[in-house]
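Here are the chains, one letter per residue:
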Protein chains: 2
Amino acid sequence: MTVSRTINGQRYVSPELRDQVLASIRALNYTVNKSARNTRNGSSAYCIGVLYSNPSSAYLNEIMLGGLQESSRTGAQLLLETCTGLASQKAALKKLLAAGVDGIILPPPLCDSRLTIETLKAEGIPTLALATARPLEDVSSVRIDDYQGALAMTRYLIGLGHREIGFVKGDPSHTPSDLRYVGFLAAMRECGLDIDPAFVVNGLFTYRSGLAAGEALLKKKKRPTAVFASNDDMAAAVIAVAHGLGIKIPEELTICGFDDTPVATTIWPSLTTIHQPIVEIGRAAVAILSEQIERQQKGEIPQPVHQVMKFTLMERGSSAPR
Amino acid sequence: MTVSRTINGQRYVSPELRDQVLASIRALNYTVNKSARNTRNGSSAYCIGVLYSNPSSAYLNEIMLGGLQESSRTGAQLLLETCTGLASQKAALKKLLAAGVDGIILPPPLCDSRLTIETLKAEGIPTLALATARPLEDVSSVRIDDYQGALAMTRYLIGLGHREIGFVKGDPSHTPSDLRYVGFLAAMRECGLDIDPAFVVNGLFTYRSGLAAGEALLKKKKRPTAVFASNDDMAAAVIAVAHGLGIKIPEELTICGFDDTPVATTIWPSLTTIHQPIVEIGRAAVAILSEQIERQQKGEIPQPVHQVMKFTLMERGSSAPR
DNA sequence: CTGAAAGCGCTTACAG
DNA sequence: CTGAAAGCGCTTACAG
């Protein structure tokens, strides 16, 4: 009793007793048993699974950072499971369910996996899709507005005086790719600018695909004065190609990306890009799921939550007036 | 009772009763209260803090990945705290202690912070230093042998026929920098090769410092046929400089790094480098600390553990015979 | 200011 | 095969 009061810093413990307790705590190497404390406080420890299929992505790492910040606040356990193909996806899901996760976060591209989502729905497990461009009505999501992001970036480039703007598309199987392209088109159209079909090239979100795209855009006689790549890895590759061709950045060519992953500030010049608050997105994901799990444990039926986070245009060294 | 047996899959529950229980579980959305279970099972939930000062590093992210894998196995909570200067370092430490962490992991460069380690020792909190090149006798550590790594890489380059080998040093305030340099020197000496002082340049482990180093090495009339940079970020920068100068890699110049961070496989050509099993290092760190915490909670005095992990030389596209 | 008693949700002998 | 009882380490009224 008195020990409890001492530890929790409550009033009504005489200084003498308090010191005695503190001394004993030291002597015995005593630490509070947090499980027991939680039991009494009625907060059941729960576990949130993260099922991902893109292990090398800096994106996931930042998500985990934010998720951890939040989960250590609420006391949730985070459980990571990785998968590659469809078969391993099923296996990974089964493993998470067997481990008794109470909720699941799906980072891209699994956020758009019909199969996974249906399985989870059947199990009655609260699910949250991350960075999907096509949020489902009944599955919670946290994302930014990719369309608005691309719109803002393109307007910025036009504002700098650029007219011939190249665009590198993203992986067509990822839902945001499309939105980013459409945002680009919309901004060009609203300013009455033509789009040279040769200035729009395909990419797959990888550095490698960015190299090919960069060469397709820059090795021609007529080349754009600015290139907007759908993500940072591809933008970094375009910069590398430009370096190789002796094109000065940003003096002779403006290049910008999307996402603001670590590579954006690693390379030189640093990349003008759309900053996604990825750490905050991870934090929000865990926070939303935590609440839903608590709801569900009380017997309520949690309502899906859709949160759209704010992006920021980061103006850095890779862009300049035409 | 019967519910408990059903959930834990023990024998001696009649099929009828079992189905009834399962049905009720579904109907009521029942989930086991893990805190209560832990209480009964005697396993106190504990919490491991990670105090870091290098937020953008891919290194930390991989450490966390491994740490999470292990902690979700043992049920430990991971708590992240970041700091920048000395003042915020003290504040962050205080915050972790106030949160009641039972053990602390110190990634580089904090792994060599005398102040932090002394504070933790005074508090009697098990501590583990990550990737320090100067492990203290009485503080647990997990690391690779940087000296052997640099030795292996340099021998590999010499084996390829290179004789004029450039070296980019790392941040002198990080303890592994020195060891990597010494390993390089040792391999050169054992093969009877001279080291041109102009071929050894300073760096700070940053991409930016790698650019300067690359220019210092490659813009001269007489340049090395291979460059060994003390980490991947700097090696990537040297590759960028080479691209800019129109030097073909690996045909005209071999470049290699150290660490095998994500950038090594992002860039093109991909980087020959020393692979640190960072995820496994994170896992080992949490495992070791977990055991020490359990020991301590039983009243025993945990002995420090020092684990040296194996590195691997990853041969990729950036290196070739002279 | 202090401490005996009850109860959090679970599991593990124990007795039927 | 089933269930009543005790106890894990904590905290919160409750009575002194």
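Thresholds applied
- Residues numbered from 1 in each chain as written.
- Chains lettered and ligands numbered in written order.
- Predicted model: local features only at pLDDT ≥ 70, side-chain atom pairs only at ≥ 80, totals over all residues.
- Heavy atoms only, no water.
- Helix = DSSP H or I, 4+ residues; strand = E, 2+ residues; numbered from the N terminus.
- Rg over C-alpha atoms; globule rule 2.2 N^0.38 Å.
- Buried < 20%, exposed > 50% of the residue type's maximum accessible area, 1.4 Å probe, protein only.
- Contact = heavy atoms within 4.5 Å.
- Areas by Shrake-Rupley, 256 points an atom, 1.4 Å probe, with all protein chains shown as cover.
- Lys, Arg positive; Asp, Glu negative; His and termini not counted.
- Charge placed at Lys NZ, Arg CZ, Asp CG, Glu CD.
- Buried area = accessible area lost by both parts, 1.4 Å probe.
- Salt bridge = Lys/Arg side-chain N within 4 Å of Asp/Glu carboxyl O.
- Axes fitted to C-alpha atoms, helices over the stretch in contact; angles between N-to-C directions.
- Parallel < 35°, antiparallel > 145°, perpendicular 65-115°, else oblique.
- Left-handed = near helix turned anticlockwise from the far one by under 90°.
- Near = heavy atom within 4 Å.
- Polar contact = N/O pair within 3.5 Å; in protein donor to acceptor, adjacent residues only side chain to side chain.
- Nonpolar A, V, L, I, M, F, W, Y, C, P; charged D, E, K, R; others polar.
- Expected span 1.5 Å × (residues − 1).
- Domains from an automatic or database assignment.
- Pairing = 2+ DSSP bridges.
- Phe/Tyr/Trp six-rings, centres within 6.5 Å; stacked < 30°, edge-to-face > 60°.

(A) Local environment of the overall build of chain A. Helix and strand counts for chain A stand at 12 helices and 12 strands. Relative to the compact-globule value of 20 Å for 322 residues, chain A shows a C-alpha radius of gyration of 25 Å, a clear excess of over 25%. In terms of overall dimensions, chain A has a C-alpha envelope of 85 × 45 × 35 Å along the principal axes. Expressed as a percentage of the 322 residues in chain A, the buried residues total 52%. Within chain A, residue pairs in contact and separated by at least 24 positions form 72% of the contacts whose partners lie at least 6 positions apart. Accessible area for chain A stands at about 14,400 Å²; split by element, carbon and sulfur atoms hold 53% of it. Of the side chains in chain A, 33 bear a positive and 31 a negative charge, and the two mean positions are spaced by 2 Å.

(B) Inspection of the interface of chain A and chain B at higher detail. The partner chain B presents 45 residues to the 45 residues of chain A that form the contact. Of the roughly 3,800 Å² buried between chain A and chain B, counting both surfaces, carbon and sulfur atoms make up 53%. On the chain A side of the contact with chain B, Lys34, Leu68 and Trp268 of chain A bury the most area, a combined 15% of that side's loss. Here chain A and chain B share 0 salt bridges between them.

(C) Representation of the packing of helix α4 (residues 58-74) of chain A against helix α4 (residues 58-74) of chain B. Two numbers describe how α4 of chain A lies on α4 of chain B: the axes approach to 10 Å, and their chain directions differ by 60°. Classified by the angle between their axes, α4 of chain A and α4 of chain B sit oblique to one another. Along this stretch, α4 of chain A crosses α4 of chain B, giving a crossing that reads as left-handed. Mapping the contact onto sequence places Leu60, Asn61, Met64, Leu65 and Leu68 of chain A in α4 of chain A and Leu60, Asn61, Met64, Leu65 and Leu68 of chain B in α4 of chain B.

(D) Spotlight on the protein's contact with DNA strand C. Neighbouring DNA strand C are 21 residues, the closest being Ser14 of chain A together with Ser4, Tyr30, Asn33 and Arg37 of chain B. When the atoms of DNA strand C within 4 Å of the protein are sorted by group, sugar and phosphate make up 60%. Threonine 2 of chain A places a side-chain nitrogen or oxygen 3.1 Å from a phosphate oxygen of DNA strand C. Measuring from a phosphate oxygen of DNA strand C, one finds a side-chain N or O atom of arginine 37 of chain B at 2.7 Å. Residue assignment for the surface near DNA strand C shows that the elements contributing at least two residues are α1 (2-7) and α3 (34-41) of chain A together with α3 (34-41) of chain B. Ranked by residue count, the leading element in the surface near DNA strand C is α3 of chain B, at 5 residues. Of the residues that constitute the surface near DNA strand C, the class distribution is 8 nonpolar, 9 polar and 4 charged.

(E) A look at helix α8 (residues 175-190) of chain B. Residue and element names in this part refer to chain B. Over its 16 residues, α8 runs 24 Å from end to end, which matches the ideal 22 Å to within 8%, given 1.5 Å per residue. Taken as a whole, α8 has its buried residues at Thr175, Pro176, Ser177, Arg180, Tyr181, Gly183, Phe184, Ala186, Ala187 and Met188. Elements in contact with the buried residues of α8: α7 (146-159), β6 (165-168), β7 (200-201) and β8 (226-229). Following α8 by one or two positions, glycine 192 has its phi on the positive side, about 70°.

(F) Highlighting the domain arrangement of chain A. Parsing chain A into structural domains produces domain 1 (2-32), domain 2 (47-144 + 278-311) and domain 3 (146-276). With centres defined by C-alpha atoms, the gap from domain 1 of chain A to domain 2 of chain A works out at 41 Å.

(G) Spotlight on helix α9 (residues 207-218) of chain A. For α9 of chain A, which comprises 12 residues, the first-to-last C-alpha distance of 16 Å matches the rise-based estimate of 16 Å (1.5 Å per residue) to within 8%. Regarding α9 of chain A, the residues found buried are Tyr207, Ser209, Gly210, Leu211, Ala213, Gly214, Leu217 and Leu218 of chain A. Those residues of α9 of chain A that are buried are in contact with β6 (165-168), β7 (200-201), β8 (226-229) and α10 (232-244) of chain A together with α11 (263-266) of chain B.

(H) The sheet that holds β6 of chain B, seen in detail. Residues and elements named next belong to chain B. One open sheet accounts for 4 strands, arranged β7-β6-β8-β9; its pairing is parallel. The open sheet is flanked by β7 and β9 (254-256), the only strands paired with a single partner. In this sheet, β7 lies alongside β6 in parallel orientation, the contact comprising 2 bridges. By the bridge assignment, phenylalanine 167 is partnered in β7 with valine 200.

(I) Representation of the packing of aromatic side chains in the model. Residue and element names in this part refer to chain A. As enumerated under the stated definition, the model contains 10 aromatic pairs over all chains in all. Ring geometry for phenylalanine 167 against tyrosine 181: centres 5.4 Å apart, planes inclined by 40°, an arrangement best described as tilted. Of the two residues, phenylalanine 167 is situated in strand β6 and tyrosine 181 in helix α8 (residues 175-190); the sequence distance between them amounts to 14 residues. Take phenylalanine 167 and tyrosine 181: they sit in the same class, and that class is buried. Taken together, a centroid distance of 6.4 Å and an interplanar angle of 25° make the contact between tyrosine 181 and phenylalanine 184 stacked. Taken together, the residues tyrosine 181 and phenylalanine 184, both in helix α8 and 3 residues apart, mark about one turn of the helix.

(J) Expanded view of the sheet that holds strand β5 (residues 140-144) of chain A. All names here are of chain A. Taken in spatial order, the 6 strands make up an open sheet running β2-β1-β3-β4-β5-β11, and their pairing is parallel. Looking at which strands have only one partner, the edges of the open sheet turn out to be β2 (77-82) and β11 (306-309). Taken over all neighbouring pairs, the strand axes of this sheet differ in orientation by 20° on average, direction set aside. Bridging between β5 and β11 involves 4 bridges; their strand directions are parallel. Across the sheet, the residue bridging to arginine 143 is valine 308, located in β11.

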